[in-house]
Amino acid sequence: MKLAILKTFLATAFVVFCFTDTQAQDKVETVEVKVTGMMCGGCASKVHKVLNETAGVVDNEVKYPGDVAVIKFNPEKTNAEEIVGVIEEKTDFSAELKEES
Ligand SMILES: [Cu+2]
């Protein structure tokens, strides 16, 4: 009887441990997007704000001059193509994925 209780306890502890573990390591990927048409720092701020409000985007930095947005995102919630689409839809600028070098 005691052994059964111990087994149940261990099984529960194991499940809780696994759950906590997967919760803790949210996947994050980084993508670089070339943003064309920005004229000043204000434009960069606009793009930054739009990305900040995009679901799945964890963090982002928009560089002007440089015309590059570096975006950290959760691949389970969004993807690079979707992020490019959001920039094109919600700002006046053109966006394209930077080629991996
Ligand atoms: Cu501007």
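See the structure above.
Every chain's residues receive numbers from 1 upward, in the order its sequence appears when written. pLDDT decides what is reported in this predicted model: residues at 70 or higher carry local features, side-chain atom pairs at 80 or more are listed and counted, and totals for whole chains, interfaces and linings draw on all residues regardless.

Undergrad: Before we move on, can you summarise the overall build of the protein chain with the specific residues and values?
TA: Strands are runs of DSSP state E lasting at least two residues, helices are runs of H or I lasting at least four, and both sets are numbered from the N terminus onward. Along its length, the protein chain carries three helices and four strands. Put simply, the protein chain runs from its N terminus to its C terminus through helices and strands in the order α-β-α-β-β-α-β. Think of it as a crowd count around each C-beta: if 20 or more other C-beta atoms lie within 10 Å the residue is buried, if 12 or fewer it is exposed, and in between it is partly exposed, with C-beta placed from the backbone throughout. A burial count over the protein chain gives 18% of its 101 residues as buried. Two residues form a contact once the distance between their C-beta atoms, set from the backbone, is within 7 Å. Expressed as a percentage of contacts within the protein chain between residues at least 6 apart in sequence, the contacts between residues at least 24 apart total 59%.

Undergrad: I'd like a description of the nonpolar core, backed by residues and values.
TA: By definition, a nonpolar core groups buried Ala, Val, Leu, Ile, Met, Phe, Trp, Tyr and Cys residues that connect through C-beta atoms lying within 7 Å of each other. Within the largest apolar cluster, 16 residues are counted, with the highest numbers of intra-cluster contacts made by Val33, Val35, Val47, Ala69, Ile83 and Ile87. Listed by contribution, the elements that provide at least two residues to this core are strand S1 (29–36), helix H2 (41–52), strand S3 (68–73) and helix H3 (80–90). In terms of residue count, H3 provides more of this core than any other element does, four residues in total. Among all residues touching Val33, those that are not within four sequence positions of it are Ala69, Ile71, Ile83, Val84, Ile87, Ala95, Glu96, Leu97 and Lys98.

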